[in-house]
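Breakdown of the fold
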Amino acid sequence: MIISELRIYPIKSLGGISVPEVVVEPKGFRYDRRFMLVTPAGEFMTQRTNHQMALIDVAINGDTLRVWHRDRPDDVLEVALTLSSSENSGDSGETMLVSIWDSKDVPAELVGAAADQWFTKVLEKPCRLVFMPQTTRRAVDPDYAIDPDNDAVSFADGYPYLLIGQASLDYLNQRAPEPLSMVRFRPNIVVSGSEPYDEDSWAHFRMGEMDFYGVKPCARCVLTTIDPETAKPGKEPLRTLSTYRQWKHKILFGQNVLADLSGENPLGTLRVGQSIDVVRRQEPWLAAPVSVSANE
């Protein structure tokens, strides 16, 4: 088994970037979901209710994050990738408390008026762009943490990494009425060479020279039904997944993962093509699927 793709999402719920290698940091991959759009009151915004966010793409150019709407590629917003320094601070130097799911009063830096105005114009509703500084610690659910005192997450929904096996998507696409891309599931790590949904059982595994832990299957929501190419909502993949991936009224697809960063240097690097070795397995929440033919 090998890593076949690595993806980061610098601004939560906007387009992702496929990269050949990433730096593994305590809150997740470097640059992954360090920015987030919020309402003026500080509530997080996502594609779930703002479908147009699916059409906003991003790219990294040196120390700059470039942002544009797919229908207006010449209207580009540029912001510094890192704000928490004297030379790269936000325009106003202001901070605000933001909320994301059960995480309340999370300290964040305001990027600046130009970014707020750009997103407000593109999304046609008032919003602000915020950044998570290094000093902000948002804890992982202690019920699933490996190290409750240190496990943290960026602006991702709940865990720093999401891993999906390519075979799991292939299995879904054998059942779905039309092929679905991996993009709509927004993984950080895609694995090739495993059996369908084998990642459900990976309690402890190694990628490259680093140790990772599968702590909780990912419960999927309506965001997966938004076509990343058109921003139009539909019924899939939840309709098909509900026929064989439902557990206690939740639909599971992908594995939430934590990294072991307890060594002297709490950083590491992952690269596409590195091998994956399972050290210890756990009983999966759902039984392994029965094989399905391509003609079914």
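First, a word on what this report is: a plain description of the structure on this page. (Residues numbered from 1 in each chain as written. Predicted model: local features only at pLDDT ≥ 70, side-chain atom pairs only at ≥ 80, totals over all residues. Heavy atoms only, no water.)

1. What to know about the overall build of the protein chain
Counting its regular elements, the protein chain contains 3 helices and 19 strands. Its C-alpha atoms give the protein chain a radius of gyration of 19 Å, near enough to 19 Å, the size a compact globule of 296 residues would have. Seen along its three principal axes, the alpha-carbon backbone of the protein chain occupies a region of about 55 × 45 × 35 Å. Evaluated residue by residue, the protein chain yields a buried proportion of 52% over its 296 residues. Nonlocal contacts in the protein chain, meaning residues at least 24 apart in sequence, comprise 68% of its contacts between residues at least 6 apart. With the model as given, the accessible surface of the protein chain reaches about 13,800 Å², and the carbon-plus-sulfur share is 47%. (Helix = DSSP H or I, 4+ residues; strand = E, 2+ residues; numbered from the N terminus. Rg over C-alpha atoms; globule rule 2.2 N^0.38 Å. Buried < 20%, exposed > 50% of the residue type's maximum accessible area, 1.4 Å probe, protein only. Contact = heavy atoms within 4.5 Å. Areas by Shrake-Rupley, 256 points an atom, 1.4 Å probe, with all protein chains shown as cover.)

2. Quick notes on the packing of aromatic side chains
The relative placement of two aromatic rings is captured by the distance of their centres and the angle of their planes. Within the structure shown, the criterion is met by 13 aromatic pairs. Judged by centre distance (5.0 Å) and plane angle (55°), the rings of F29 and Y161 are tilted. In this pair, F29 is assigned in strand β4 (residues 28-29) and Y161 in strand β12 (residues 161-165), connecting sequence segments 132 residues apart. Given the relative accessible area of 0%, F29 is considered buried. On the numbers, 4.9 Å between centres and 85° between planes, the contact of W118 with F119 is edge-to-face. One aromatic cluster is present, built from ring pairs that chain together F29, Y161, W202, F205 and F212. (Phe/Tyr/Trp six-rings, centres within 6.5 Å; stacked < 30°, edge-to-face > 60°.)

3. Focus: the layout of surface pockets
Estimated volume of the largest pocket: approximately 830 Å³. Contributing elements (two or more residues each) for the lining of the largest pocket: β12, β15 (210-219) and β17 (250-259). Top contributing element to the lining of the largest pocket by residue count: β15, with 3 residues. Grouping the amino acids of the lining of the largest pocket by side-chain chemistry returns 14 nonpolar, 6 polar and 11 charged. The computed volume of the second largest pocket comes to approximately 340 Å³. D147, N150, D151, A259 and L261 are, among the 18 residues lining the second largest pocket, the residues nearest its centre. When grouped by side-chain class, the residues that make up the lining of the second largest pocket number 11 nonpolar, 2 polar and 5 charged. (1 Å grid on protein atoms, 1.4 Å probe; cavity = no way out; pocket = protein on both sides within 12 Å on 5 of 7 lines; lining within 4 Å. Points joined across faces, edges and corners; volume = space filled by probe spheres on them. Nonpolar A, V, L, I, M, F, W, Y, C, P; charged D, E, K, R; others polar.)

4. Focus: the environment of S103
Within the fold, S103 resides in strand β10 (residues 103-110). When the C-alpha atoms of S103 and D157 are compared, they prove to be 9.7 Å apart, with 54 residues separating the residues in sequence.

5. Digging into unusual backbone geometry
P237 follows E236 through a cis peptide bond whose omega is 10°. Locating P237 in the fold gives a position in the loop between β15 and α3 (238-241). Phi angles above zero are rare outside glycine, and W101 is one such case at about 50°. Tracing the backbone shows W101 in the loop between β9 (95-100) and β10. Note on W101: relative accessible area 41%, which makes it partly exposed. In this structure, A231 takes a positive phi of about 70° despite not being glycine. Topologically, A231 is positioned in the loop between β15 and α3. Since its relative accessible area comes to 6%, A231 is described here as buried.

6. Observations regarding helix α1 (residues 113-123)
Listed as buried for α1 are A115, D116, W118, F119, V122 and L123. End-on view of α1: buried residues confined to an arc of 165°, all on one side of the axis. Counted as exposed and oriented over 90 degrees from the buried face of α1: Q117 and K121. The secondary structure elements touched by the buried residues of α1 are β5 (35-38), β6 (56-61), β7 (64-69), β8 (72-80) and β11 (128-131). (Arc of directions from axis to C-beta.)

7. Concerning the sheet that holds β9
Strand order across the open sheet formed by 4 strands is β5-β11-β10-β9, with antiparallel pairing between neighbours. Strands at the two margins of the open sheet, each flanked by one partner only, are β5 and β9. With strand direction ignored, the average angle separating the axes of adjacent strands in the sheet is 55°. Two elements, β9 and β10, share 5 bridges in a ladder whose sense is antiparallel. (Pairing = 2+ DSSP bridges. Axes fitted to C-alpha atoms, helices over the stretch in contact; angles between N-to-C directions.)

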